[in-house]
Structures are given as structure tokens and as C-alpha cells.
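If you want the building blocks of each chain, they are given just below.
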Amino acid sequence: MGILPGILTGLVLGLTGSGGAIIAVPLLVFGLQATIAEAAPVALLSVAVSAAVATYSAFMQRIVRYRAAVVIASTGMLIAPAGIWVARQLPDSLLTVLFSVVLAFAALYMFRQGKRAMLPEETAYPPCQLNLESGRLIWTIPCARGLLLSGVATGFLSGLLGVGGGFITIPALRKVSNLPMKSLMATALAITALVSATGVISATSMGFMNWPLALPFTAGTVVGTLVGRRYAHRFDETKLQHGFAVLAWGISLVMIIKAAYAFYS
């Protein structure tokens, strides 16, 4: 039963280039009646596998800013277990509301991405400046601080809600650096793969990973991603981004209604 929602997640990821992770948890919740805390580690596993495959290709092209990725990912890897633990202490209704808010933000990000814009807005002089001659970032204390704070946010949300893909890391990197988009996307994928893998390991060690559900879901995600990438060029990118945003807003609203119903019933 986990294969079908996994394929749908992969299709979104393959067609839009991001957003698959944020849609995975609602599909698990509504399609397979999992709680947010149960669905989050499963979503992390599918994200880790998909991002790792994409990162390998980018790494071979030498466009991954690996030092920045290591700083953010290392911080996120330390914080992710805390997010997983907190998720187990909170009621599912509260987690549902929190996830709905994050999903609504992701929808706004995807909608604006369809217009060739992103949130938050790019600053004129970010703390991490790119050396145009070497193609590497110029490291300063403000740069390191900005990367560390980005890692904290990414890691905690990854563990808490099973998210932490491009819609978090890409805006964070755009805020603290002036990396070109191709390098920024590749670096974000590397961060996502590392942080998500840590979340998977932590969830497994804590006994929170539902492997009978996780394995077929992840397999379906890989299949769906490959199919989506194969046919993505046939669709208008802007319409895909806007379509995903509308879908995400609808799911967010339904999840809030679900949480409210559970609270008052």
C-alpha cells in the first residue's frame, strides 16, 4: 500500500524539481492513516535516497559547495534527533497544525518560484560572498554564523516534521550567500541528503521507523521521480509550480480542518 503514495510523491519531485518531500507526509497521513510522527521518518528516508542520487551527479560536475554543505549539514545532523524526540512528545493534532503552516509556506514558495522569484528575498550583500576567481565562498565570521543558523532550522524541522528539502535550504542559502542558482541547488541537495540520512538513522535507533511502510514507499518515490524527470520537459514549468502550490494549499487547509475536528471531537 505504501508504493502508490510513494509514486505520487516521486512524480511531484520529478516534475517540479522539489516539493516531493513536503507532499509525502500528507499522503502517508491521509492515504495510509499514519500519524505525523510515524510519517516523518518514512518521508525522510525517501528524501535521503532521492537527494543522494541527485547529489552524486552534481558532485561529479564540481558544482557542490561542499564546505558550506558540511557546515549546514553537520549542524542539522546534530539538531535533527532533537526534532524527532520533540515530535514524539507533542500531540498529533498540534503536529498537524504545525505541518499545515509549513506546507502553506512551501506552497507560497513554489508559487513564487513559478514566477522566477523566491522567498525570502535575496539580500544585496549577503554575509557569504562568492570569490569569482576561485568559485568558492569567502569565509568570514558572519558567513559561518549564517550557515550555522540555517543548519539549526533545517535540522530541527527535518526531525520534527519530516521536511527540510529545497523549500527550506534553498531560501536559507539565498539569504546568506550569493551562489549562482545551479550551485545553490546542488549544495542544497547535498545538505538535504545528509540531514535526512541522519534523521533516518536517529529514528531507526529510537525505534520510530516503520520499515514495512518505509521500504515500499521509498521504492515508489524512486520510480515516480524517474518517470517525472523523463516527462517533465513536456510540461510548462510555471504551470507545474502553480499547480503544486494550489494542491499544497488545499492539503494544508484539509489538514487544519482535520486537526480542528480531532480537537473538538
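Note that the structure is predicted; figures quoted are calculated from it, not measured. (Residues numbered from 1 in each chain as written. Predicted model: local features only at pLDDT ≥ 70, side-chain atom pairs only at ≥ 80, totals over all residues. Heavy atoms only, no water.)

1. Quick notes on the overall build of the protein
Along its length, the protein carries 10 helices and two strands. Along its sequence from the N terminus, the protein presents helices and strands in the succession α-α-α-α-α-β-β-α-α-α-α-α. Each of the 265 residues in the protein was classed as buried or not, and the buried ones make up 49%. Long-range contacts, defined as pairs at least 24 residues apart, comprise 80% of the intrachain contacts of the protein with a sequence gap of at least 6. For the protein, the accessible area works out to roughly 12500 Å², and carbon and sulfur atoms hold 70% of it. (Helix = DSSP H or I, 4+ residues; strand = E, 2+ residues; numbered from the N terminus. Buried < 20%, exposed > 50% of the residue type's maximum accessible area, 1.4 Å probe, protein only. Contact = heavy atoms within 4.5 Å. Areas by Shrake-Rupley, 256 points an atom, 1.4 Å probe, with all protein chains shown as cover.)

2. Remarks on the confidence of the model for the protein
Taken residue by residue, the protein gives an average pLDDT of 79. The fraction at 70 or more is 88%. Low confidence marks residues 117–123, where pLDDT is under 50. Its contacts with residues over four positions away, or in another chain, come to 16 contacts. (pLDDT = per-residue confidence, 0-100.)

3. Concerning the environment of Pro-26
Among the secondary structure elements, Pro-26 is positioned in helix 2 (residues 20–32). Taking the C-alpha atoms as reference points, Pro-26 and Ala-40, 14 residues apart in sequence, are found 9.8 Å from one another. Sequence-distant contacts of Pro-26, that is, excluding residues within four places in its chain, are made with Gly-31, Phe-99, Leu-103, Ile-251 and Met-255.

4. Examining the state of the cysteines
Per the stated rule, a full pass over the model turns up one disulfide. Between the sulfur of Cys-128 and that of Cys-143 lies a disulfide, 1.9 Å long from S to S. Where Cys-128 bonds to Cys-143 through sulfur, the torsion about that S-S bond is close to 105°, and the disulfide is right-handed. Of the two residues, Cys-128 sits in the loop between helix 5 (92–113) and strand 1 (129–130) while Cys-143 sits in helix 6 (residues 141–161), which places them 15 residues apart along the sequence. For the pair Cys-128 and Cys-143, a shared accessibility class is recorded, and that class is buried. (Disulfide = S-S within 2.5 Å.)

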